[in-house]
Amino acid sequence: PLIPLSEGSHFIEVIAIDSAGNKNIKNYSVVVDTIFPTFNYALPDNGITNQTTYNFQANFSEPVIITLYTDNFTVNEWVNDSLSVNIPLVSEGTNTYWLNISDVAEHQVWESFEIIRDTTLPELLDINFPALTTDEIAIITGEISEPGLLFYDLENWTVHSDGTFQ
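Residues numbered from 1 in each chain as written. Predicted model: local features only at pLDDT ≥ 70, side-chain atom pairs only at ≥ 80, totals over all residues. Heavy atoms only, no water.

Student: I'd love a proper account of the pattern of salt bridges, names of residues and values included.
Tutor: Per the stated rule, a full pass over the model turns up one salt bridge. Two residues, Arg 117 and Glu 92, come together in a salt bridge whose shortest N-O distance is 3.9 Å. Here Arg 117 is found in strand β10 (residues 108–117), whereas its partner Glu 92 is found in the loop between β8 (82–88) and β9 (93–102), with 25 residues between them in sequence. Judged by relative accessible area, which is 38%, Glu 92 ranks as partly exposed. (Salt bridge = Lys/Arg side-chain N within 4 Å of Asp/Glu carboxyl O. Helix = DSSP H or I, 4+ residues; strand = E, 2+ residues; numbered from the N terminus. Buried < 20%, exposed > 50% of the residue type's maximum accessible area, 1.4 Å probe, protein only.)

Student: Outline the sheet that holds β9, listing residues and values.
Tutor: As summarised here, the arrangement of the five strands in space is β4-β10-β9-β6-β7, forming an open sheet in which the pairing is mixed. Sheet topology places β4 (48–49) and β7 (73–79) at the edges, where each strand pairs with a single neighbour. Where strand β6 (residues 64–70) and β7 come together, seven bridges link them in antiparallel fashion. Paired with Tyr 69 across the bridge in β7 is Thr 74. (Pairing = 2+ DSSP bridges.)

If you want it as structure tokens, here you go:
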């Protein structure tokens, strides 16, 4: 007979009895797994770091085999529910990684992500301020080579998306 089984583990006992009363019993275990594994992970803020390695951390909905790789690095291991591994950021600029997750039922999930390694110092361009002023407030203007933060005497200044500030 067809017996619908729900998601999860099931214990099945099969009993055969012939007309003479002889009995044979067999036990079986069956796991129904129709759900693909889910996971989450964190990347550096804005996907950018100035480090040469990144501590990749991920959490999984069930035990999985994870393969995390790039052109010159591979992690392949069985994971119960979480993973923490230092991955190299070999290249200045964009480093692309591929992630394959497979559960015991061989449901596979593929994903890729990028981390940008930026170790180039921003350039201070065209900084203008008065060498001498009688005003209590001096207006300083300028530009930096990329969006970011600018500080003067530990005060945070706003840098516009085009790199200019005032």
